[in-house]
Amino acid sequence: LFSDLFGPYPFDVYGVAIIGNVSFALETQTMSIFSRSVVTGRRDSERVIAHELVHQWFGDSVSLAQWKDIWLNEGFATYGQLLWLEHTEGETALEQSIRQYYEMISGGAGLGQGGSQFPPPGSPPSDDLFNTSVYVRGALTLHALRLRIGDTAFFDTMRTYYDRYRDGNATTGDFIDVAEETSGQKLDEFFQGWLYEQQVPDIPEMGLSAP
């Protein structure tokens, strides 16, 4: 699935290492690390496995030029796990997860006021790079982009970005340039809102707006 969506798998091999009951998973290049719970019945096991696999493309092949762009790793991998959900359970399951993510990050679930506890993913605090917003709002940014420019242009953007920067380094600006080039649209305002403004933008295609 991911080779079809993003381009050929970047490396010659892939494997996993199970290292006990650790509290994390890690996308080590060609050899992801998982807790024993991932293979012994953890409910979200497939999503965790998909997340770390997507990192082989976005993180391990296309790597960051600067740490402030960490959403290019974590937002992409989080959206990749949602693409796996869409593939295995259908569009309704994807939409439900997107709505849950949006409610959480915008504060609609009572987890913050207007999303104020979640800094914009394009400029995370240096002492909290791997915050929830980088993962969740990063993924929402990609889904909002998909809805804005359409599936054909969106997946062309993902493949072009990967192909152009594979085995190298990229910035958020590089990704925006590819998205604009591929879609033929000016997207500065779109990305400014999603990546750098505190207020979570609306997703009008889904009828979603921040409280």
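As a starting point, this report considers the structure included with it. All chains use their own residue numbering, which begins from 1 and follows the written sequence. Reporting in this predicted model follows two pLDDT cut-offs: at least 70 for local features of residues, and 80 or more for side-chain atom pairs to be given and counted; totals over whole chains, interfaces and linings ignore these cut-offs and use all residues. Side-chain metrics rest on all non-hydrogen atoms present in the structure, leaving aside hydrogens and water.

### Examining the side chain of Gln56
Item 1. Structurally, the position occupied by Gln56 is in the loop between α2 (45-54) and β3 (62-64).
Item 2. Throughout this description, a polar contact denotes any pair of N or O atoms lying within 3.5 Å of each other; where both atoms belong to protein, one of them has to be capable of donating a hydrogen while the other can accept it, and for residues adjacent in sequence the pair is counted only when both atoms sit in side chains. A distance of 3.2 Å separates a polar atom in the side chain of Gln56 from a polar atom in the side chain of Asp60.
Item 3. Any two residues whose heavy atoms approach within 4.5 Å are treated as being in contact. When neighbours within four sequence positions are excluded, Gln56 is seen to be in contact with Tyr9, Pro10, Phe11, Tyr14, Glu27, Thr28, Gln29, Thr30, Ser32 and Ser61. Only runs of H or I of at least four residues qualify as helices and only runs of E of at least two qualify as strands under DSSP, and these elements are numbered from the N terminus.

### Observations concerning the pattern of salt bridges
Item 1. Within this document, salt bridges are pairs made up of a side-chain nitrogen of Lys or Arg and a carboxyl oxygen of Asp or Glu, the two lying within 4 Å of each other. Under the defined criterion, the tally for this structure stands at seven salt bridges.
Item 2. The residue Arg146 makes a salt bridge to Asp151 at a minimum N-O spacing of 2.8 Å.
Item 3. Judged by its relative accessible area of 7%, Arg146 is buried.
Item 4. Summary of the burial criterion: residues with accessible area below 20% of their type's maximum are buried, those above 50% are exposed, and those between are partly exposed, where the area comes from a 1.4 Å probe applied to protein chains only. Since its relative accessible area comes to 41%, Asp151 is described here as partly exposed.
Item 5. Its salt-bridge partner being Asp188, residue Lys186 comes within 3.8 Å of it at the nearest N-O pair.
Item 6. Overall, the relative accessible area of 46% leaves Asp188 in the partly exposed class.
Item 7. Through salt bridges with shared partners, one network takes in Glu86, Arg146 and Asp151.

### Quick notes on a nonpolar patch on the surface
Item 1. Together, Tyr14, Val16, Ile18 and Val39 make up a nonpolar patch on the protein surface, roughly 330 Å² of accessible area in all.
Item 2. Relative to the helices and strands, Val39 is located in the loop between β2 (31-34) and α2.
Item 3. When its relative accessible area of 54% is taken as the criterion, Val39 is described as exposed. Grouping into patches uses exposed residues only, defined as over 30% relative accessible area, and leaves out salt-bridged ones; the cut-off is 9 Å for like charges and 5 Å for nonpolar side chains (Val, Leu, Ile, Met, Phe, Trp, Tyr). Accessible surface area values rest on a Shrake-Rupley calculation with a 1.4 Å probe, where residue burial reflects the displayed protein chains alone.

### Let's talk about the environment of Gly173
Item 1. Mapped onto the fold, Gly173 is located in helix α7 (residues 172-183).
Item 2. On the accessibility criterion, Gly173 (35% relative accessible area) is partly exposed.
Item 3. Each C-alpha atom of the pair Gly173 and Met31 lies 29 Å from the other, and the pair is 142 residues apart in sequence.

### Examining the packing of helix α5 (residues 132-149) against helix α6 (residues 151-165)
Item 1. Between α5 and α6, the shortest axis-to-axis distance is 6 Å and the interhelical angle comes to 130°. Considering the angle they form, α5 stands oblique to α6. Taking contact as the criterion, the partners of Leu142, Leu145, Arg146 and Ile149 in α5 are, on α6, Asp151, Ala153, Phe154, Phe155, Thr157 and Met158.
Item 2. In this classification, Asp, Glu, Lys and Arg are treated as charged, Ala, Val, Leu, Ile, Met, Phe, Trp, Tyr, Cys and Pro as nonpolar, and every other residue, Gly included, as polar. Residues of the contact of α5 with α6, tallied by class, amount to seven nonpolar, one polar and two charged. Every axis corresponds to a line fitted to the C-alpha atoms, with the helix fit spanning only the stretch in contact, and the corresponding angles, defined between N-to-C directions, vary from 0 to 180 degrees. Every angle not falling under 35 degrees, over 145, or within 65 to 115 is termed oblique; those three ranges are roughly parallel, roughly antiparallel and roughly perpendicular.

### A short note on α5
Item 1. With 18 residues, α5 should cover 26 Å at 1.5 Å per step; its first-to-last C-alpha distance of 26 Å lies within 8% of that length.
Item 2. The buried fraction of α5 amounts to 14 of the 18 residues, a majority that puts the element mostly inside the structure.
Item 3. At the exit of α5 stands Gly150, carrying a positive phi of roughly 95°. In this analysis, the expected span of each helix is defined as 1.5 Å times one less than the number of residues it contains.

### Some words on helix α8 (residues 188-196)
Item 1. Among all positions of α8, only Phe190, Phe191, Gly193, Trp194 and Leu195 are buried.
Item 2. Looking at the buried side of α8, the elements it contacts are α3 (71-89), α4 (91-106), α5 and α7.

### With respect to the side chain of Gln81
Item 1. With respect to the element layout, Gln81 can be found in helix α3.
Item 2. A polar contact of 2.8 Å, which involves the side chain of Gln81, links it to the side chain of His51.
Item 3. Here Gln81 is in contact with Arg47, Ala50, His51 and Tyr101, once residues within four sequence places are set aside.

### With respect to unusual backbone geometry
Item 1. A positive phi is found at Thr30, a non-glycine position, where the angle reads about 70°.
Item 2. With phi around 60°, Asp167 is a residue other than glycine that occupies positive phi space.
Item 3. With respect to the helices and strands, Asp167 occurs in the loop between α6 and β4 (168-170).
Item 4. Classification of Asp167 by relative accessible area gives exposed; the value is 59%.

### Regarding the nonpolar core
Item 1. The biggest cluster of nonpolar side chains holds 55 residues, and the ones touching the most others in it are Phe6, Phe58, Phe76, Leu145, Tyr161, Phe175 and Phe191.
Item 2. Excluding residues within four positions of it along the chain, Leu145 makes contact with Gly150, Phe154, Phe175, Ala179, Leu187, Phe190 and Phe191. For our purposes a nonpolar core is just a set of buried Ala, Val, Leu, Ile, Met, Phe, Trp, Tyr and Cys residues, chained together by side-chain atoms within 4.5 Å.

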